[in-house]
Structures are given as C-alpha cells and as structure tokens.
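Here's the letter readout for the chains.
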Amino acid sequence: MANDNKIETLISARKSLKLSLEKSKALGLALGKAGPRLEEINQRLPSLEAAVRPIRADKDALVAVGGHINRAVSPAAAVLKVFDAVHGLEKSLLSDPRNDLPGYLSVLKRLEEALKFLADNCGLAIQWLEDIVEYLEDNTVADERFLSNLKKSLKNLRELQDDGERAHLDGGLLDAALDKLENEFRRLLTEHSIPLPMSSSSSLADQACIAPSPLPVSVIQKLQAILGRLMANGRLDKCISIYVEVRSSNVRASLQALNLDYLEISVSEFNDVTSIEGYIAQWGKHLEFAVKHLFEAEYKLCIDVFERMGLDVWMGCFAKIAAQAGILAFLQFGKTVTESRKDPNKLLKLLDIFASLNKLRLDFNRLFGGAACVEIQNLTRDLIKRVIDGAAELFWELLDQVALQREIPPPPDGSVPKLVVIIIDYCNKLLGDDYKTILTQVLVIHRSWKHEKFRERLLVNEVLNIIKAIEQNLETWMKVIEDGTLSHFFAMNNHWYLYKHLKGTKVGDLLGDSWLKEHEQSKDYHSTYFLKESWGKLPGHLSREGLLMFSGGRATARDLVKKRLKAFNEAFDEMYTKQSNWVVSDKDLREKTCQVVVQAVVPVYRSYMQNYGPLVEQDASSSKYAKYTVQTLEKMLMSLFQPKPGRYGSFKGRQSSGKFNNGVADLRRTASAVV
C-alpha cells in the first residue's frame, strides 16, 4: 500500500516534470520569436515617442500651434494659387502679338501684376513659414527630422528670393513675351517705313511738294502701347535702338536716289573748288531738302511716338537718327570745301554755303537745338566759322591779289587777261542781288567777332578800289607791250570789256556814266590807232602812181603791178600771220573789228585787181602776184581774232625775271583767289 503510494507519487512527479519541460520548451520558442519583434518595437520607439510628444507638450503650446499654422499656410496658399495663374497665361503670351495686340498687352499686364504680387508676397510667405518652423522647434511639438527637411526647403526658397532673378518666378515667360513685343515693334516700324519715292529725272523743287508719308495713326498708337509695356520692364533703350535703326535706314534710302556719293569726297581728291563746283550747288539743294522734308518728318514722328516718354527721350532718339542718316556727312562736306586751296571760285562758293546754312538757320535751331544734338551743333558752328573766316579773308585779299598780278606780263595774244574777267565778274556778283546781302552779313559777323563795326560803304569802297586797281593793271600792261599795234589792240579789247560788262550793273551805276563813257571812247580811240598802225597801211602798197593810162607802156605797168602786189602780199602775209594768234573774245567786237579791217583793205584790193589784175593774170607767174582772190582775202580777214580752245583755262604770265617768279611763287603760297 505504501509502495503503491510511492509509485503514484513518482508517476505524478514525472508527469509534472514532463509538463514543466514542455512549458519551458514552449516558453523558449516563444522567447525566440519575441526577439525580432522586440527589436522592431525598439526601432519604432523614437517615432512613437515623437507621435506622442505633443501629448506631452505644454498644453498652451498645443492650443496655439493651430493658429500659427493657419496664419503661415494662408499666404503660402495664395502664392501657390498665383503661381498656377501664371502658368495659365503661358499659352497666350507665347502666341504672336500681331493677331491681337490689345489682348496680348492685357494678358501681359496680368502677368506683370501676378509677378509683382509674387515678388511682394513670396518673401512674406517664406517668413511666415520660417516663423512657424521656429515655433514648432522651440516648443517641441514636431518631429526634428521633419523640421530639418522643412527648414532645408525654406532655405532654398529664401536663396531664390534673395537672388532677385525674375525668371525664378515665371520660368522666363515675361522675358519671352517682351522679346515678342520687341519683334512686333520692329515689324510695325519696318512694314510702314517706306522711303520717299524719288525720281532722278525730276527736280528737287518738284520733290519738295511730296511729303514723306507719316506712320498711320493706328500704327503710332500700337507703337506707343508697346513702348509703354517695354518701358515699364526696363527695355526702353532697346526700343530706341530699334527705332533709330529702322528710321535712319529709311531716311538713307530716301537720300540714296539723290546720288550723294560726293559727300564722301576728301580734300586730297580734288584740285580746287572749281573741280567740285557742281557738287557745291547740289549740296545746298540736297541739304535743304533733307532738313525741310526728311529730318523735319522724323522730328515730328519722334514726338508722336515718344512724347509720353519725355523730352530727353524723343530728342535723343531724333539726334541719333539725324546723325546716322547723314546730316554729319553734309556738314563734313562743307568743312572739306573750306579746307580746299584758294582758287577764283572759292569766295563765291563759300558765300553759297553760308547762304544755304543761313537759309536753314531757324530749322537747324529748332530741329538740332536740344542737348542731345550737341555734336551736330558743334559741327555746324565750326563750319559757319570756317566759312565766314574764309570768305572774309578772301574778300579783303582781293585788292592785294590784283595789285600783285600787275607784275605778271599781259597775255601775248592781246586778249582780256583772266584776272580781269574774274575780278569784273566777282565785283558784279558781289554787289549784285544774289551776293551783296550775303557778303555784307558775312563781313558784319566777321567784324563783330573782332569787336569792330562794319558799314555798308566799306564793301562798296573796297569793290570800287578793286576796279581802280584793275585799271592800273591795264595801264601798266599797255606800257610793257613793246609792239605798239598789239598795245592798242590789247587796250581796245580791255576797255571794251570793262564798258560792256559793267554797263547796266550795280558796279557800273556806282562808277557812273562818265566813267563808262570814258572806257567806250578809249576803246574807239585804240581801235582807230590799231587799224591805222596795221591794216590801214596795206592799201598804201597798192598805189596807182605810174599806172594811169599805162603812161610808161604796158610792160612797165605790168612790172609796177607785180612789184606792188608782191609788196602787198608780203605785208598782208606778215600781218595776217602775226595777228592770226591775236584774240578778241567778245563776238560783237570781233565781228566789228574784222569788218573794219575788211572795209579798210578789201575795197581797195578789189578795185585794184579789177583795174590792174588782168596785166598779171595772163603771166605764167601770175599766182605769185595775184595770190588771193577778193573772196579769199575777205574770208581770211573775217576769220581773224577767234578765241582759242581752253583760252581761259589759266592765267599764267611769262616770267621774264626773278622778280616775276618770286611774285608768282608768293601768290601761290597765299593761295590766290584770282589766279
């Protein structure tokens, strides 16, 4: 019984031990499985801790955080909404403005307003977000890693904000839109800038009534609208550059038909003013046309287009157009003329230049009077000074130049010296209606610069003194001509020239009728002596003495006729050969002189040959004596004194001494206005 109890106790103990072992084994397995879970829990504890941290945060901080977050998110949400609106404008602004310019400008204005809002509020939104992050961090109500990432993002936004690049806000959309507006500005200008139609066959007077077509009002309004937007975005300078480029090119195209290549000529490319005299005449007409019709139109158009931008803008724009279109080239050409060497025509050409500039004085002052046109003003003032100084110097030198020419021998052909031709022409023109007022104005200005007064009588007296100097030259030259016949021929020529070319002129009126009459009478006097001392002697060789009724016999008469015809022929040939090189330039005087010579010789010769010609005509050697027919003789005499080609090409005396050579050298050094 007792054993049974022990056995049962052992069995019970075994079962209990076995059960304990199984439980331990199960517990071990359970512990083995719990290890990874514990590790996972361990890893999640920080986030769980962060999640429950607000629960452990200060109650007041938790209560206030909602308001802070709402205040920070509202500006940011507004900014994001505007960003979305900006992207919504992209399609419209990348289209062609010409299709609907007002609509395009309206959309652009919305973009500008949106960008202004973003520029003004992005910083504020970022600041609010930075403040809430700082609040969350200070009050430990958010995960540190979350706050770290948020702070990094806000830092990047702040850097972009501080960079100031507008493209960061719109991705370059505004710049692209402004580029399109600039292109449209250029297109509108180019398509409506049409060069003034010029015809090379018509005169500038005809062209003057054709005003350049202004831009249509609708185009000007579009340009102004575009300018307003571009100026608001700092692109005015680019617009001005485009405008100047297109409009100056248009003016140049209008001027191109006038063939203005001569404006580029340099002093080294011509010998004297005479060689470019035609260009100087064109220059005045071309300058007037350019100023009154082309630059005037550009001036008004600049005001129409840029007036809202201010005086400095449109005046500066016009100044650039004028400079680039060619006004500087016009002024430079005038300067080139003033720098050329002195020659007979330079004084008058300088007065022509002054007259052209003076005629345009009010236009120049109005068009180019602004501060932006300072270069044009300086060049114009310099040109006017050069013209006035040069013209005054040439005028006051004339008397000395005439006196200096006195030492140069007269022309060997007895003609009118070029000096006389030039000076008489000068004096007539200088006191004529075309130049007297201009020259007076030039001399008044020139003297005023020296603080000296000018009286009109000074001009008249100087011209009269020059005429008197010419008379002295003629008297001197008549005396140095050794051939008496040539001296009378020379005097006849020159007295007639003075009379004919001064009678009925302002200079002639000042000299008086008695002075003119004196020269007319002197011409007649010297003409008579010229005929008497030359051709008037020929009839004497055809004496009839001893031939009346053949008193000495026919053979004797024949010998006398042969002898006298031979003497006549020899005298005629010598005189004709000598005087065939003499010149009378005035047609009326030449014909009259030839007729007088013919009347002195031909009737006597005709009568003589009619009466005594038959005595020698049957002789075998008759051609030696009856050398000329009456018709041939008359034709030869009527062909005398013809001008030679290029006679007035120069005035160069034959220097017979070193004194004359020195005089000419000195004259050339001073760049004579008369030689």
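Each remark here, short or long, concerns the structure printed above.
As the structure is a computational prediction, the values presented were derived from the model and not from experiment.

> Give me the overall build of the chain: which residues, what numbers.
Within the chain, the secondary structure is distributed over 27 helices and zero strands. Out of the 675 residues in the chain, the part that is buried amounts to 43%. Excluding contacts between residues fewer than 6 apart, the proportion of contacts in the chain whose partners are at least 24 apart in sequence is 83%. Taken as a whole, the chain presents about 36,200 Å² of accessible surface, with 53% of it coming from carbon and sulfur.

> Lay out the packing of aromatic side chains with the relevant residues and their values.
Scanning the model with the defined rule gives 24 aromatic pairs in all. Summarising the aromatic geometry, the rings of F489 and F530 are spaced 5.2 Å apart at their centres and angled 55° between planes, so their arrangement reads as tilted. Within this pair, whereas F489 is found in helix 20 (residues 484-502), its partner F530 is found in helix 22 (residues 513-533), the two being separated by 41 residues in sequence. For the pair formed by F489 and F530, the shared burial category is buried. With a centroid separation of 5.8 Å and 15° between ring planes, the pair formed by F572 and Y576 is classed as stacked. Of this pair, F572 and Y576 both sit in helix 23 (residues 554-579), four residues apart, which is roughly one turn of the helix. Residue F572 is classed as buried on the basis of its relative accessible area of 0%.

> Help me get a handle on the state of the cysteines, residues and values and all.
Taken as a whole and assessed by the stated rule, the structure comprises zero disulfides. With no disulfide of its own, C302 lies closest to C317 among cysteine sulfurs, the gap being 4.2 Å. Classification of C302 as buried rests on a relative accessible area of 0%.

> Help me get a handle on unusual backbone geometry, residues and values and all.
Unlike most non-glycine residues, N259 shows phi in positive territory, near 60°. Here N259 is to be found in the loop between helix 10 (236-256) and helix 11 (277-306).

> Outline the side chain of N428, listing residues and values.
Relative to the assigned elements, N428 resides in helix 17 (residues 418-430). Apart from the residues lying within four places of it in its own chain, the contact partners of N428 are H501, L502, T505 and V507.

> Before we move on, can you summarise helix 22 with the specific residues and values?
Its 21 residues give helix 22 an end-to-end C-alpha distance of 30 Å, which sits within 8% of 30 Å, the value for a rise of 1.5 Å per residue. Looking at the buried residues of helix 22, the elements they touch are helix 19 (456-480), helix 20, helix 21 (506-511), helix 23 and helix 24 (587-617).

> Outline the environment of T577, supporting the account with residue identities and numerical values.
Counting through the fold element by element, T577 comes out in helix 23. T577 sits in the exposed class, given a relative accessible area of 52%. The spacing of T577 and L640 is 63 residues in sequence and 9.9 Å in space, taken between C-alpha atoms. Engagement of the side chain of T577 in a polar contact is seen with the backbone oxygen of D573, the distance being 2.7 Å.

> Describe empty space enclosed by the protein, and please don't skip the residues or the numbers.
Evaluation of the coordinates by the stated rule reveals two cavities of 30 Å³ or more. What the second largest cavity holds in volume is close to 30 Å³. As for the second largest cavity, its lining consists of V416, N493, W496, Y497, S585, D586 and L589. With three residues, the top contributor of residues to the lining of the second largest cavity is helix 20. For the lining of the second largest cavity, the class distribution of residues is four nonpolar, two polar and one charged.

> Outline helix 15 (residues 361-368), supporting the account with residue identities and numerical values.
Within the sequence span of helix 15, burial applies to D363, F364, L367 and F368. Buried residues of helix 15, viewed axially, fall in a sector of 100°; they line one side. Residues of helix 15 that are buried in the fold lie against helix 11, helix 12 (311-325), helix 13 (327-339), helix 14 (346-359) and helix 16 (374-405).

> Any chance you could break down the environment of V480 for me, citing the residues and the numbers?
With respect to the helices and strands, V480 occurs in helix 19. The spacing of V480 and P409 is 71 residues in sequence and 7.6 Å in space, taken between C-alpha atoms.

> Tell me about the packing of helix 11 against helix 13, and name the residues and values.
Closest axis-to-axis distance for the helix 11/helix 13 pair is 11 Å, and the angle between their directions is 155°. Classed by the angle they form, the pair helix 11 and helix 13 counts as roughly antiparallel. In this structure, helix 11 crosses over helix 13, and the sense of that crossing is left-handed. Facing helix 11, whose interface residues are Y279, I280, W283, H286, L287, A290, V291 and F295, helix 13 presents I327, F330, F333, G334 and V337.

> Residue-level account of the pattern of salt bridges, with values.
Between side chains of opposite charge, a pair can form as their charged atoms come close. Following the criterion strictly, the structure yields 30 salt bridges and no others. Salt bridges here are not isolated pairs; linked through shared partners, they connect D175, D179, E182, R235 and K238.

> Residues and numbers for the packing of helix 16 against helix 17, please.
Contact pair helix 16 / helix 17: the axes reach a minimum separation of 12 Å and the direction vectors enclose 155°. By the angle class used here, helix 16 and helix 17 are roughly antiparallel. Judged by the twist between their axes, the crossing of helix 16 over helix 17 is left-handed. Together, F395, L398, V402 and Q405 of helix 16 and L419, I423, Y426 and L430 of helix 17 make up the contact between the two elements. Broken down by class, the residue content of the contact of helix 16 with helix 17 amounts to seven nonpolar, one polar and no charged.

Cut-offs used in this document
Residues numbered from 1 in each chain as written. Predicted model: local features only at pLDDT ≥ 70, side-chain atom pairs only at ≥ 80, totals over all residues. Heavy atoms only, no water. Helix = DSSP H or I, 4+ residues; strand = E, 2+ residues; numbered from the N terminus. Buried < 20%, exposed > 50% of the residue type's maximum accessible area, 1.4 Å probe, protein only. Contact = heavy atoms within 4.5 Å. Areas by Shrake-Rupley, 256 points an atom, 1.4 Å probe, with all protein chains shown as cover. Phe/Tyr/Trp six-rings, centres within 6.5 Å; stacked < 30°, edge-to-face > 60°. Disulfide = S-S within 2.5 Å. Expected span 1.5 Å × (residues − 1). Polar contact = N/O pair within 3.5 Å; in protein donor to acceptor, adjacent residues only side chain to side chain. 1 Å grid on protein atoms, 1.4 Å probe; cavity = no way out; pocket = protein on both sides within 12 Å on 5 of 7 lines; lining within 4 Å. Points joined across faces, edges and corners; volume = space filled by probe spheres on them. Nonpolar A, V, L, I, M, F, W, Y, C, P; charged D, E, K, R; others polar. Arc of directions from axis to C-beta. Axes fitted to C-alpha atoms, helices over the stretch in contact; angles between N-to-C directions. Parallel < 35°, antiparallel > 145°, perpendicular 65-115°, else oblique. Left-handed = near helix turned anticlockwise from the far one by under 90°. Salt bridge = Lys/Arg side-chain N within 4 Å of Asp/Glu carboxyl O.

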